[in-house]
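# Geometric and topological summary
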Amino acid sequence: LHFDQADDAQVPVVSTVLFLSPEGVGGPTLVTAQRMLDSKMVQHGWLCRPRENRLLLFDGRLLHGVIPGSGGQESVPSNGRRCTLMVALCRERPELRQREGNVMPDPGSTKLAWPRMATAGAPLDAVGRRLHAATAKPQRPDVVRVWKDVDPQA
């Protein structure tokens, strides 16, 4: 998951995803209601499933990303790749220079609770992340709970 940001640290007014792949190729895009400076972790988000020529538009300040996995259609070749075109619409034309400004909060050093909660228990090494992504099963409802306690004892 990530926040969109131009090289000059502008946050887009609107972010867009145009799906170019056939329906069922790749995982859906999850858009949460989480903003970078929110002090609490939000609980809901929206899924947009891939379908050729589908255009997703959303508030550019929101945390979003691709949920790993297949779209679930048996007729889609297993080697199909998700292909999208993303465009961020800013109020002003971004300056082209080295990135400055805010980056995704570091879960280890931020005072915000949600980045630590969102990454708790996530694999840190590349092999672990790939294995986790290959076995992850996305939730299917249009409106979903973004974060879920997996260990109520923690």
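Refer to the preceding data block for the structure.
What counts, and at which threshold
- Residues numbered from 1 in each chain as written.
- Predicted model: local features only at pLDDT ≥ 70, side-chain atom pairs only at ≥ 80, totals over all residues.
- Heavy atoms only, no water.
- Helix = DSSP H or I, 4+ residues; strand = E, 2+ residues; numbered from the N terminus.
- Buried < 20%, exposed > 50% of the residue type's maximum accessible area, 1.4 Å probe, protein only.
- Contact = heavy atoms within 4.5 Å.
- Areas by Shrake-Rupley, 256 points an atom, 1.4 Å probe, with all protein chains shown as cover.
- Pairing = 2+ DSSP bridges.
- Core = buried A, V, L, I, M, F, W, Y, C linked by side-chain atoms within 4.5 Å.
- Axes fitted to C-alpha atoms, helices over the stretch in contact; angles between N-to-C directions.

### Here's the deal with the overall build of the protein chain
A count of helices and strands for the protein chain gives two helices and seven strands. For the protein chain, the succession of helices and strands along the chain, N to C, is β-β-β-β-β-β-α-α-β. Burial statistics for the protein chain: of 154 residues in total, 32% are counted as buried. Considering only contacts within the protein chain whose residues lie at least 6 apart along the sequence, 83% involve residues at least 24 apart. Surface accessibility of the protein chain: about 10,500 Å² in total, with carbon and sulfur atoms responsible for 55%.

### As for the pairing of strand β1 (residues 14–19)
With five bridges joining them, β1 and strand β4 (residues 55–59) adopt antiparallel strand pairing. Of the residues in β4, the one forming a bridge with Ser15 is Phe58. Pairing geometry for β1 and strand β6 (residues 84–89), over six bridges, is antiparallel. When the bridges of β6 are listed, Val17 appears paired with Met86.

### Digging into unusual backbone geometry
Of note in this structure, Asn53 is not a glycine but carries a positive phi near 70°. Among the structural elements, Asn53 can be located in the loop between β3 (44–48) and β4. By relative accessible area, Asn53 is classed as exposed at 58%.

### Brief notes about the nonpolar core
Most often, soluble globular proteins have nonpolar side chains that are buried together. Within the largest apolar cluster, seven residues are counted, these being Val17, Phe19, Val31, Cys48, Leu56, Phe58 and Leu62. Sorting the residues of this core by element identifies β1 and β4 as the ones contributing at least two each. Those residues in contact with Phe58, other than ones at most four positions away along the chain, are Val13, Val14, Ser15, Val17, Val31 and His64.

### Overview of the sheet that holds β4
Strand order in the open sheet formed by three strands is β4-β1-β6, and the pairing between neighbours is antiparallel. Looking at strand neighbours, the two that pair on one side only are β4 and β6, the edges of this open sheet. Strand-to-strand, the axes of this sheet are offset by a mean angle of 15°, without reference to chain direction.

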